[in-house]
Amino acid sequence: MNDMTGVSFLPLGGTGEIGMNLNLYRQGETWLAVDCGIGFSGNDTPEAEIILPDPVFIAERRDRLAGLVVTHAHEDHLGAIAHLWPQLGCPVYVTPFAAAVLRRKLGEAGLLQQVPIHVIAPGSAFTVGPFDLRFVSVTHSVPESQSLVLRTPQGIIVHTGDWKIDPDPQVGPPTDLETFAELGREGVLAMVCDSTNVRTEGPSASEADVRREMTRLIASLEGRIAVTCFASNVARVETLAMAAKAAGRRVAVVGRSLRNLEVAARECGYLSDVPHFLSEQDANSIPDNQILLIVTGSQGEPRSALSRIAADTHPNIALGEGDTVIYSSRMIPGNEQAVIQVQDSLTRRGVHVITDKDHLVHVSGHATGGDVRKLYDLVRPRFLIPVHGEWRHLTANAAIAQELNIEPVLLEDGDILDIRADGVEIGDTAPTGRLVLDGGRILPMNGGVLSARRRMLFNGMVLGSFAVDEEGYLIGDPKVSAPGLLDADDPETQRVTEEFGNALDEIPDELRENDATFREAAKTALRRALGRKLQKRPLVDVHLLRV
Ligand SMILES: [Zn+2]
């Protein structure tokens, strides 16, 4: 194989339980990144809210990274750019709507002037270095979602991104099945396809069905109505605005992400038939029967508007007896407990809670098994690489391909798949990992800081402090505190402190001269003083003050 015509695909995030998408394609010596998203942590990683894919493999090759193409404006596809771009340093290719969302994030990160952004019209062709690319419009739960077609020396590769089939999506064009059929006639070598919802049989439900049901439902309700949905789902926000209008209600948005998304959407020409939304302050001057609130917090996020309303700690909005909250969203796995807690608090205040189990108030933005079958029939790729889902979703997607005589190729993050006109093969493996956004810093998930945090979280921490003179002899009494483990007035704290003092006295003179060796010896003394009574292995540290 001539290396200049060699082609590879490498997923670096997106084939696990936390879906954060970072995909790489290689053509010859050059790499192309597709999407760069964050993941939200579930119950397994309580110390981390936001998780990023470790880009070390491509960061080491950044001089050969031609660009980053973004398929759509969801957090799990573009949310990591503002954090990881300094390690990538490449131009970014996005549709106008994704550009509006991205620019705000880059602005907040102080990177707006540095990142070269190329705005590409939906459905159009473009090149990035040696890559011959084309966007194909698909329907998803955010405007301007795109599949990416790569014309490579080995053949055509179709990267679907997130998609579904909806003949009547309300906002934006339906999935461009005609172009997919044309590609199929031309011959597609490999397809990399979204697996999220393939285990649902039959075709997707349509946003038009949600709009009909929502219009009927909202017209039938009295009192205040609050609806929570994803801010980026512009079609849904429009659905809510239309339903409100039909019921003679004005719309107010509550929550920063909704306000930001409204700005981005209107900037790009969306929501043009919908009057500007009121602010939450304005909402209070309107009678209950004439207002519809769109609020953030569908996933039970503790600081979100809906969580605060449920706890009655929101500065502007209150709901109670006779009011209704509609969840126009799905529960992302891992968030169930948080969501149910909010719903419980709302119910306790007398609020009527409606979810997609009660009425058709939500449809998924991801392709069902039926949708996938239809697309595979049109495109007929030779190889199918399922991505974006947990293993059971990937294997279900692979099974559908197999039924249609398409050869599935299951990859894990880090597998480098060499794609040739005559076959595919997993060659090398790239390093993968997870990073955590901790306050303003990016830390490795399994690095020292977070390992210590986890240990503190489950075993508490013990800190011993003591002062010594120049020769290293104790001045006064040592102090021991054990936040998260022992209360200050616990007799056990007293015992540990006394034993720590005794153990310090026994440290040999030669270890007292140097601060580092003294500290290590003191840590051992503290561990010994703790003993086994607590049956815990807390993080142990000492502060030595030489005066
Ligand atoms: Zn998406």
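Owing to the predicted nature of the structure, the values given are computational and were not obtained by experimental measurement.

*Asks:* Which residues make up the coordination of the zinc ion, and what values go with them?
*Replies:* Angles at a metal have ideal values that depend on geometry: 109.5 degrees with four tetrahedral donors, 90 or 180 degrees with six octahedral donors. His 72 (NE2), His 74 (ND1), His 140 (NE2) and Asp 162 (OD) make up the full set of protein donors to the zinc ion, lying at 2.1 to 2.3 Å. The site at the zinc ion holds four donor atoms, and with the angles between them running 90 to 166 degrees, its shape is irregular. Within one chain, the residues donating to the zinc ion are spaced in sequence as H-x1-H-x65-H-x21-D. Pair noted here: His 140 is in the loop between β10 (131-137) and β11 (146-152) and Asp 162 is in the loop between β12 (155-159) and α5 (177-186), with a separation of 22 residues, a long-range link.

*Asks:* Help me get a handle on helix α6 (residues 207-220), residues and values and all.
*Replies:* Given 3.6 residues to a turn, an α-helix orients residues that are three or four positions apart in the same direction. In this model, α6 (14 residues) spans 20 Å end to end at C-alpha, consistent with the 20 Å of a helix rising 1.5 Å per residue. Glu 207, Ala 208, Val 210, Arg 211, Glu 213, Met 214, Leu 217 and Ile 218 are the residues of α6 that are buried. If you follow the buried residues of α6, they end up packed against β14 (225-228), α7 (234-246), β16 (291-295), β17 (324-327) and β18 (352-354). Put simply, Ser 206 is the residue that caps the front of α6, since its side-chain oxygen is 3.0 Å from the backbone nitrogen of Ala 208.

*Asks:* With reference to specific residues and values, describe the pattern of salt bridges.
*Replies:* Summed over all chains, the structure comprises 27 salt bridges. The salt bridge partner of Asp 422 is Arg 420, with a shortest N-O separation of 3.3 Å. Here Arg 420 falls in the partly exposed class, since its relative accessible area comes to 23%. By sharing partners, the salt bridges in this structure join Arg 259, Glu 262 and Arg 266 into a single network.

*Asks:* Residues and numbers for unusual backbone geometry, please.
*Replies:* Backbone geometry places Gln 170, a non-glycine residue, at a positive phi of 75 degrees. Following the sequence through the fold, Gln 170 ends up in the loop between β12 and α5. Of the residues examined, Gln 170 reaches a relative accessible area of 27% and is grouped as partly exposed.

*Asks:* Give a detailed account of the side chain of Thr 368, specifying residues and quantitative values.
*Replies:* In this fold, Thr 368 is placed in the loop between β18 and α12 (369-379). The class for Thr 368 is buried, based on a relative accessible area of 3%. Beyond its immediate chain neighbours, meaning those up to four positions away, Thr 368 contacts Asn 197, Val 198, Thr 200, Glu 201, Gly 202, Pro 203 and Ser 204.

*Asks:* Lay out the sheet that holds β18 with the relevant residues and their values.
*Replies:* Pairing in this open sheet of five strands is parallel, and the strands run β15-β16-β14-β17-β18 from one edge to the other. Because the sheet does not close on itself, it has two edges, and the strands there are β15 (250-254) and β18. This sheet shows a mean twist of 20 degrees between the axes of neighbouring strands, independent of strand direction. Where β14 and β17 come together, four bridges link them in parallel fashion.

*Asks:* Break down the domain arrangement of the protein chain for me, with residues and values.
*Replies:* Looking at the assigned domains, one finds that the protein chain contains domain 1 (7-202 + 364-444), domain 2 (207-354) and domain 3 (460-546). A separation of 30 Å is found between the C-alpha centroids of domain 1 and domain 2. At the interface, 18 residues of domain 1 touch 20 residues of domain 2. Here domain 1 is connected to domain 2 by one salt bridge. One can count five residue pairs in polar contact (both at pLDDT 80 or more) joining domain 1 with domain 2. Residues belonging to the side of domain 1 that touches domain 2 are distributed by class as follows: eight nonpolar, four polar and six charged.

*Asks:* Can you break down the sheet that holds strand β4 (residues 39-40) residue by residue, with the values?
*Replies:* Spatial ordering of the open sheet is given by β4-β5-β23-β24, a layout of four strands whose pairing is antiparallel. In this open sheet, the two strands that pair with only one neighbour each are β4 and β24 (441-444). Pairing of β4 with strand β5 (residues 50-53), which is carried by two bridges, proceeds in the antiparallel orientation. The residue of β5 that forms the bridge with Gly 39 is Ile 51. In this fold helix α14 (residues 448-459) packs onto β23 (434-438) and β24, with an angle of close to 80 degrees to the strand it touches most, β24.

Analysis parameters
- Sequence order sets the numbering: in each chain, residues are counted from 1 along the sequence as written.
- Local features in this predicted model are restricted to residues of pLDDT 70 or higher, and side-chain atom pairs are both shown and tallied only at a pLDDT of 80 or more, whereas totals for entire chains, interfaces and linings draw on every residue.
- No hydrogens and no water enter the side-chain calculation; it runs on all heavy atoms of the structure.
- Because no water is among the atoms considered, metal sites can look incomplete, with donors defined as N, O and S atoms within 2.8 Å of the metal, or 3.2 Å for Na, K and Ca.
- Between 85 and 135 degrees for all angles marks four donors as tetrahedral; over 155 degrees for opposite donors together with 65 to 115 for all other angles marks four donors as square planar and six as octahedral; every other arrangement is irregular.
- Helix and strand definitions follow DSSP, with helices as H or I runs of at least four residues and strands as E runs of at least two, each counted in order from the N terminus.
- Expected span of a helix: the number of residues minus one, times 1.5 Å.
- Burial classes: relative accessible area under 20% of the type maximum marks a residue as buried, over 50% as exposed, and values in between as partly exposed (1.4 Å probe, protein chains only).
- In this analysis, two residues are considered to be in contact whenever any of their non-hydrogen atoms come within 4.5 Å of each other.
- Nitrogen and oxygen atoms within 3.5 Å of one another constitute a polar contact, given that in protein one can donate a hydrogen and the other can accept it, and given that sequence-neighbouring residues count only through two side-chain atoms.
- Think of a salt bridge as a Lys or Arg side-chain nitrogen and an Asp or Glu carboxyl oxygen that are within 4 Å of each other.
- Two strands pair if DSSP finds at least two bridges between them.
- In this analysis an axis means a line fitted to C-alpha atoms, helices contributing only their contacting stretch, and an angle means the value between N-to-C directions, from 0 to 180 degrees.
- The start and end points of each domain follow an automatic or database-based domain assignment.
- Polar here means any residue outside two lists: the nonpolar Ala, Val, Leu, Ile, Met, Phe, Trp, Tyr, Cys and Pro, and the charged Asp, Glu, Lys and Arg; Gly therefore counts as polar.

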